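Below, each chain spelled out in residue letters.
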Amino acid sequence: MAKTIIRRALQTIPVLLVVVTFTFVLTRMIPGDPAVIMLGPQASPDAIETMREKMGLNEPMLQQYVNYVLGVLQGDFGYSYSYNGAVMPIILSRLPSTLMITITGLVLAILVGIPIGVESAVKQNTAFDYIFMVLALVGVSMPIFWLGLMLVLTFSVNLGWLPVMGMGNIAKGAWDVISHMILPCLCLATIPAATFARITRSSMLESINADYVKALRSRGIKESVVIWKHAFKNALPPIVTVLGIQLAGAFAGAILTETIFSWPGLGTLIVNAVNGRDYALIQGVVLFSAVVFVFVNLIVDIVYMLINPKVSYEGGAR
Amino acid sequence: MAEQTTATTPEALSDAANLEMLKRERRANNAWHKLTRNKMAVVGLIIVAFMVFLAIFAPLISPYDPNSTDMSNMFAAPGQAGHLFGTDSYGRDLLSRIIYGARISIFIAIGGTIVGAIVGVLLGLVAGFFGGAIDSIIMRIMDGMMAFPFILLALILMTILGQGTQNVIIAIGVANVPNFARVVRGQVHVVKNEEYCNAERVIGASPARILFKHIFANAMSPVIVYFTLNIASAIISEAALSFLGLGVQPPTASWGAILSEGKSTLQTAPHIATISGIFILLTVLGFNLLGDGIRDVFDPKQKR
C-alpha cells in the first residue's frame, strides 16, 4: 500500500513540470510587451529598454525559463505591477475568501445531493425519484453564471432580501458577512449537488441490489442500518471520485461566481489580471490553481486507495 | 457493431412467422430503435433537432434582422410592440438574436468539440497503441493540461488569440483535447488485446492497419457518447467566455454574448438574461439527454 502511494505521489513530479512549462509558454504567448504595459504607452523607448532589462525580458528564452522555474521553486511567483507587490502574497490574501464560498458550497452540495441520491435509489421509480432526478438533470445542465444571475434577480432585485455585491464587513456583525455569502454559496452548490445526487443514486442502485444487502435484510436488520451503514459504504468509491472532480473543479466555478457577485477572491483576481494584462499575476494565479489541482487530485487518489484497496495504480487508473 | 443482426438471412426461412420474428429481432437490435425507445433520449433528440433547425434556417425564421437597432423601442418587454421576446438595449429584436445566436453557439460548440476530438483521438490512439515512453510522455502532457481549470485555460487561450468566433472554437478545442485523449486511450487498452487484433498480428498485418482499421473502429463508441456530452459542455464554455467578455465579438449574437449583455441590464430588462439562459439550459439539457441515451444503446450495463 505504502509503495503504491509513493508511486502515485512520484507521478505528480512530471505533471508539475508540464504545468510550470505550460504556464510559462502560455504567458509568453500573450501578445503585447509586458514592459510597455507596465510603464504605459507614453513611456520613452529608453525607459522601456531599461525596464525590459530589469525584468529579464532581454535574456534568451531558455534562460528566462530556467530563471522562472528556479524562482517558482523558491516561492517567487513574480511581481504584479497593478497591485504593486509580489504575486504570492496577493494570491494568499485572496485565497481565504475563495475557500470560504467554495468549501461552504461544496459541503452544502454534499449535504443536499447525497441524501437525495440515496433516497431516490431506495424509492426507485416513485414520484420522489422522478421529481428529483429531473431536477438533478436540469441542475447539471445549468450554466452557473445564469443560475447566479437568476439568484440575484430573484433574491436581490425582486425580493430585496439579500445583498449582491462584495463580501460585507465583519465589523458590522457576522450576519453582514453571512448574508453576502448566501447567494454565491447557493450558486456554487447547485450544480455539484445535482451531480452528487445522480452519481449517488446510480451507485446506490448497484449496491442495494447486491446479495449481501438481501442477506442483511433477511436477518431482520433495521432498514436504515442496511442502507446507510452497509449499502452506502459500498456505494462510496464513485462518489469520492466525483467529490475529487468537484473539489478540483471548484475554482472554475468560483471564477464565474465571483465575477457575478463581485466576491473579492482568486476568481475576480484572475479576471482583473487578464483584463489588465498583468502578466506576472496571470502567470501566478494560473500556476497556483494548477498546482493546487494536482495536489488535490493526489490526495483524492490516496483516499480512494485507502477506502477501496482493490484499486491498483499501475500506470494510473482513472 | 451496433448494427449487427442475426447471421441468418430471411431467404433461409420458409416460415412467415419466423420471418416476422426475425424482423422484430432486427428492429430490437437496431441502434436507432434502441435509442427511440428511450423516452428521455427522444426528448433530447427533439430539443437538439429543434435548436439545430433554428440554427440552420435562422434567416428564414427570424422576424427581424438580428442586428438592426431601433432606438424608439429599447428594452421592450416580451410581447410588446410585436417583439415576442422583447428587445435589448439597442432596440434589437431578442427573438431574432436568439435564433441567430443558436447558429453561432451551436456552430462553436460542435466546431470546438470536433477540433478537440480530432487531436485528442489521434493522441489517445497513439498513446494507447504504442504504450511505453510515447504513452508516458503524451499522457503526462495531458495530465498537465487537465490541471488547468477548463475555463481558465480557455480564458488564457482567448487572451493569446484575441476575440472572435474562430478563436473561440480553437480555445474550446484545445482545452478539450486531454479528455478525448484519455477516453480513447482507455478504450484502446481494452480493444488492443482482443482476439481479432491478435489474429491480425499473426497474419502479419501492419500496425497502421490494426490501429486504424480495427482498434479505431472498435474504440469509437465511447468517443461518440463523449462527443455528444461534450457538445453540451462546449455550449456552456462558449457562453462562459462570452460572459467574461472574451468570446465572440459584438455585435455578433451568440447566446453567451446576449446573456452577458443581459447581466448589465438585469434590473431594467431582466427578460434578456432570463430568456437567453433558458435557451442555453434547454440545449445543454438536450445534448445531455441524447448523450445519455446513446450511452445506454452502446453500453446497456451502465444504464442509470
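These numbers come from a predicted model, not from an experiment. (Residues numbered from 1 in each chain as written. Chains lettered and ligands numbered in written order. Predicted model: local features only at pLDDT ≥ 70, side-chain atom pairs only at ≥ 80, totals over all residues. Heavy atoms only, no water.)

A. Structural context of the overall build of chain A. Summing up its helical and strand segments, chain A has 13 helices and two strands in all. C-alpha atoms of chain A, sized along the principal axes, occupy 85 × 55 × 35 Å. Taking contacts inside chain A between residues at least 6 apart in sequence as the whole, the part at least 24 apart equals 70%. (Helix = DSSP H or I, 4+ residues; strand = E, 2+ residues; numbered from the N terminus. Contact = heavy atoms within 4.5 Å.)

B. Spatial organisation of the state of the cysteines. All names here are of chain A. The tally for this structure, following the rule as stated, stands at zero disulfides over all chains. Cys187 supplies the cysteine sulfur nearest to Cys185, a cysteine that is in no disulfide, at a spacing of 9.7 Å. What makes Cys187 buried here is its relative accessible area of 0%. (Disulfide = S-S within 2.5 Å. Buried < 20%, exposed > 50% of the residue type's maximum accessible area, 1.4 Å probe, protein only.)

C. Representation of the packing of helix α7 (residues 127–140) of chain A against helix α9 (residues 174–208) of chain A. All names here are of chain A. At a minimum axis separation of 8 Å, α7 and α9 run at an interaxial angle of 130°. Taken together, α7 and α9 sit at an angle that is classed as oblique. In this structure, α7 meets α9 at a crossing whose hand is left-handed. Contacts from Asp129, Met133, Ala136, Leu137, Gly139 and Val140 of α7 reach α9 at Ile191, Ala194, Thr195, Ala197, Arg198 and Arg201. (Axes fitted to C-alpha atoms, helices over the stretch in contact; angles between N-to-C directions. Parallel < 35°, antiparallel > 145°, perpendicular 65-115°, else oblique. Left-handed = near helix turned anticlockwise from the far one by under 90°.)

D. Highlighting the nonpolar core. Phe145 and Ile270 of chain A together with Trp255 of chain B are the most contacted members of the largest nonpolar core, which has 136 residues in total. Here this core gets 14 residues from one element, more than from any other, and that element is helix α13 (residues 279–307) of chain A. The contact partners of Trp255 of chain B, leaving out residues within four places of it in the chain, are Met51, Ile98, Gly101, Ala102, Ser105, Ile106, Glu238, Ser276, Phe279, Ile280 and Thr283 of chain B. Listed in part, the 20 residues of the second largest apolar core include Ala193, Ile199, Val226 and Phe232 of chain A. (Core = buried A, V, L, I, M, F, W, Y, C linked by side-chain atoms within 4.5 Å.)

E. Structural view of the interface of chain B and chain A. On the chain A side, the residues contacting the 43 residues of chain B number 46 residues. Summed over the three residues of chain B that lose the most area to chain A, namely Arg140, Phe148 and Ile160 of chain B, the buried surface amounts to 15% of that side. Scanning the region where chain B abuts chain A turns up one salt bridge. Of the charged contacts in the structure, one is a salt bridge between Arg198 of chain A and Asp292 of chain B, with a shortest N-O distance of 3.3 Å. Linking chain B to chain A there are four residue pairs in polar contact (both at pLDDT 80 or more). Counting residues per element, the ones that place at least two in the side of chain B that touches chain A are α6 (132–146), α7 (150–161), α8 (165–191), α11 (220–243), α12 (255–264) and α13 (270–298) of chain B. The element best represented in the side of chain B that touches chain A is α13 of chain B, accounting for 12 residues. (Buried area = accessible area lost by both parts, 1.4 Å probe. Salt bridge = Lys/Arg side-chain N within 4 Å of Asp/Glu carboxyl O. Polar contact = N/O pair within 3.5 Å; in protein donor to acceptor, adjacent residues only side chain to side chain.)

F. Structural view of the confidence of the model for chain B. All names here are of chain B. With 91% of its residues at a pLDDT of at least 70, chain B reaches an overall mean of 82. Across chain B, the element-wise mean pLDDT spans from 75 in helix α1 (residues 16–29) up to 91 in helix α5 (residues 94–130). Residue range residues 1–6 is modelled with pLDDT below 50. Its contacts to residues more than four positions away, or to other chains, number eight contacts. Predicted as a complex, the structure gets a pTM of 0.83 and an ipTM equal to 0.81. (pLDDT = per-residue confidence, 0-100.)

G. Structural detail: the environment of Val300 of chain A. All names here are of chain A. In this structure, Val300 sits in helix α13. Val300 sits in the buried class, given a relative accessible area of 9%. In sequence terms Val300 and Met55 are 245 residues apart; their C-alpha atoms lie 39 Å from each other. Discounting chain neighbours no more than four positions away, the residues touching Val300 are Val240 and Gly244.

H. Spotlight on a nonpolar patch on the surface. Residues and elements named next belong to chain B. Together, Ile114, Val115, Ile118, Val119, Leu122, Phe212 and Phe216 make up a nonpolar patch on the protein surface, roughly 560 Å² of accessible area in all. Broken down by secondary-structure element, the contributors of at least two residues to the nonpolar patch are α5 and α10 (207–218). Here Val119 lies in helix α5. (Patch = residues over 30% accessible without salt bridge, like charges linked within 9 Å, V, L, I, M, F, W, Y side chains within 5 Å. Areas by Shrake-Rupley, 256 points an atom, 1.4 Å probe, with all protein chains shown as cover.)

I. A look at the side chain of His271 of chain B. Along the chain, His271 of chain B falls in helix α13. In this view, His271 of chain B contacts Phe75, Ala76, Ala77, Pro78, Phe85, Gly86, Thr87 and Leu94 of chain B; residues no more than four positions away in its chain are not counted.

J. Seen up close, the pattern of salt bridges. Applying the stated criterion across every chain yields a total of 13 salt bridges over all chains. Salt-bridge contacts for Lys123 of chain A lead to Glu119 of chain A; the nearest nitrogen and oxygen are separated by 3.2 Å. The partly exposed category is assigned to Lys123 of chain A, whose relative accessible area is 35%. As a salt-bridge pair, Arg97 of chain B and Glu261 of chain B come within 3.8 Å of each other at their nearest N and O atoms. Within this pair, whereas Arg97 of chain B is found in helix α5, its partner Glu261 of chain B is found in helix α12, the two being separated by 164 residues in sequence. On the basis of relative accessibility, which here comes to 0%, the residue Arg97 of chain B falls in the buried class. What you see here is one network of salt bridges that share partners, running through Arg198 of chain A together with Asp292 and Arg295 of chain B.

K. Here's a closer look at the confidence of the model for chain A. All names here are of chain A. Confidence in the prediction of chain A, expressed as mean pLDDT, is 84, and 97% of residues score 70 or more. When mean pLDDT is compared element by element in chain A, helix α6 (residues 87–122) scores highest at 91, while helix α3 (residues 34–39) scores lowest at 76. Confidence over residues 313–318 falls short of pLDDT 50; this stretch has 16 contacts with residues more than four positions distant or in other chains.

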